[in-house]
Number of protein chains: 2
Amino acid sequence: MMISTKGRYSLRLLVDVAENQREGYIRLRDVARRQGISEKYLEIIVRTLVQEDYLTGVRGKGGGYRLSRDPEDCNIRQVLEAAEGPLAPVVCLENGCPRMERCPTLPLWQGLDQVIAAYLDGFTLADLLQGAGETGAPMG
Amino acid sequence: MMISTKGRYSLRLLVDVAENQREGYIRLRDVARRQGISEKYLEIIVRTLVQEDYLTGVRGKGGGYRLSRDPEDCNIRQVLEAAEGPLAPVVCLENGCPRMERCPTLPLWQGLDQVIAAYLDGFTLADLLQGAGETGAPMG
DNA sequence: CTATACCCTATTAATAAAATAGGTATATTA
DNA sequence: TAATATACCTATTTTATTAATAGGGTATAG
């Protein structure tokens, strides 16, 4: 499986915050409840999103999280790479391989990698919020 | 990582047999040596390819493997699915999820799954043999 | 004072990937 | 017919990764 819970939960977390932040800062506890994910595990996941400046956290009473950027500026490929690391479909593309020079399958994997990156690059958080993805493609 | 050694070695095995079968049946031992993969592990991998009728095995002295089909008739997506099982990029698409009805990210994954399948569907073993993949796309 | 984010380390549980070990069946050759 | 080489089969082990849990703590804002 290519996308683990780290990436999937990251997107659900961002969507949840985006959908609820009109009410003020969103507590992780509430996201955990709504999404059915343990608060402790979300803590691990939210850290990266704060570091990469997709979310801003505010401490203390009344604190919580809100988006640091407009949903249009949250590129889905970049969010997933922040959460998951490289999205390469085969290890060869990450670690290299002594046979790369003459490997007959390498171009296949390079092309696949590009196709995946291009697809995900076509989405932003705004697309997910609008349900634009229902067609399988962003509305642009 | 989406594609494991099962899928990657399967393709390299098919390419190796295709490139050498003019000399008669190809012994697994020779593939193992050329490809730098243990013979025992290749045994596991070759089994599926025989079952799915991509390769034919002949026992006894002088035996080995040859392609059961023309390279043009070996679809890369189908080979990989035989070796790996479903290529779905997220578990949700395989096992389902109680939130599928209203999940804002599901369409993203469905689209990704389709993009991957369509890309791989565009390749056959013949493309890999011709090095057509060097452009990242089959020559058609 | 309290509620929240934020930080740290460790442990476990579950699953999957990768490989190994040892045996059986069958075809060819001497 | 015996020896050999090969495919074929079943099971186990090892290693790595994912996914989560547990439990502590510190900083800060209301």
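In this report, the structure presented in the accompanying data block is examined. Keep in mind it's a predicted model, so treat the numbers as computed, not measured.

### A word on the overall build of chain A
Link 1 in the chain: Secondary structure assignment for chain A yields seven helices and two strands.
Link 2 in the chain: Starting at the N terminus, the α and β elements of chain A follow one another as α-α-α-β-β-α-α-α-α.
Link 3 in the chain: Its C-alpha atoms put chain A at 60 × 35 × 25 Å along the principal axes.
Link 4 in the chain: When contacts within chain A are restricted to residue pairs at least 6 apart in sequence, those whose partners lie at least 24 apart make up 59%.

### Here we look at the environment of B:A88
All names here are of chain B.
Link 1 in the chain: Mapping A88 onto the fold places it in the loop between α4 (76-84) and α5 (92-95).
Link 2 in the chain: Assessed through the 20 C-beta atoms surrounding it within 10 Å, A88 is described here as buried.
Link 3 in the chain: Taking C-alpha positions, A88 is 5.8 Å from D113, a pair spaced 25 residues apart along the chain.
Link 4 in the chain: Those residues in contact with A88 that lie beyond four places of it in its chain are L93, E94 and D113.

### Section: the protein's contact with DNA strand D
Link 1 in the chain: Around DNA strand D there are 23 residues in total, and A:S4, A:T5, A:S38, A:G60 and B:G57 lie nearest to it.
Link 2 in the chain: Put simply, the parts of the chain that give the surface near DNA strand D at least two residues each are α1 (5-20) and α3 (39-51) of chain A together with α3 (39-51), β1 (55-58) and β2 (64-67) of chain B.
Link 3 in the chain: Counting residues per element, the surface near DNA strand D draws most heavily on α3(B), which supplies three residues.

### Some words on the interface of chain A and chain B
Link 1 in the chain: Between chain A and chain B, the residue contacts involve 30 residues of the former and 29 residues of the latter.
Link 2 in the chain: Counting residues per element, the ones that place at least two in the side of chain A that touches chain B are α1, α6 (106-121) and α7 (125-130) of chain A.
Link 3 in the chain: Take the side of chain A that touches chain B: its biggest share by element is nine residues, from α6(A).
Link 4 in the chain: For the side of chain A that touches chain B, the per-class residue count stands at 20 nonpolar, seven polar and three charged.

### Topic: the relation of the copies chain A and chain B
Link 1 in the chain: Laying chain A over chain B is done by rotating through 180° and shifting 0.1 Å along the axis; what remains is an RMSD of 0.1 Å. Classification of the inter-copy transformation places it as that of a two-fold axis. Among all residues of chain A, the minimum C-alpha distance to the rotation axis is found for A:M2, at 2.2 Å.

### Thoughts on α3(A)
Residue and element names in this part refer to chain A.
Link 1 in the chain: In a regular helix each residue adds 1.5 Å, so 13 residues correspond to 18 Å; α3 covers 18 Å between its end C-alpha atoms and thus fits that length.
Link 2 in the chain: In the structure, α3 departs most strongly from a straight axis at I45, where the bend amounts to approximately 25°.
Link 3 in the chain: If you check which residues of α3 are buried, you get L42, I45, V46 and L49.
Link 4 in the chain: Those residues of α3 hidden inside the fold are in contact with α1, α2 (28-35), β1 (55-58), β2 (64-67) and α4 (76-84).
Link 5 in the chain: A positive backbone phi angle near 65° is found at D53, which sits one or two residues after α3.

### Observations concerning the protein's contact with DNA strand C
Link 1 in the chain: As a matter of local geometry, DNA strand C sits amid 26 residues, with A:G57, B:S4, B:T5, B:S38 and B:G60 nearest to it.
Link 2 in the chain: Those elements that provide at least two residues to the surface near DNA strand C are α2, α3, β1 and β2 of chain A together with α1 (5-20) and α3 of chain B.
Link 3 in the chain: Counting residues per element, the surface near DNA strand C draws most heavily on α3(A), at four residues.
Link 4 in the chain: The class makeup of the residues in the surface near DNA strand C is seven nonpolar, nine polar and ten charged.

### A word on the environment of A:R34
Residues and elements named next belong to chain A.
Link 1 in the chain: Note that R34 resides in helix α2.
Link 2 in the chain: Its 13 C-beta neighbours within 10 Å are what place R34 among the partly exposed residues.
Link 3 in the chain: Distance in space between the C-alpha atoms of R34 and P89 is 31 Å, their sequence separation being 55 residues.

Conventions adopted
Residues numbered from 1 in each chain as written. Chains lettered and ligands numbered in written order. Predicted model: local features only at pLDDT ≥ 70, side-chain atom pairs only at ≥ 80, totals over all residues. Helix = DSSP H or I, 4+ residues; strand = E, 2+ residues; numbered from the N terminus. Contact = placed C-beta atoms within 7 Å. Buried ≥ 20, exposed ≤ 12 C-beta atoms within 10 Å, placed from the backbone. Near = placed C-beta within 6 Å. Nonpolar A, V, L, I, M, F, W, Y, C, P; charged D, E, K, R; others polar. Least-squares fit on C-alpha atoms with pLDDT ≥ 70 in both. Expected span 1.5 Å × (residues − 1). Bend = angle between axes of the 7 residues up to and from the residue.

By themselves these figures say nothing about function.
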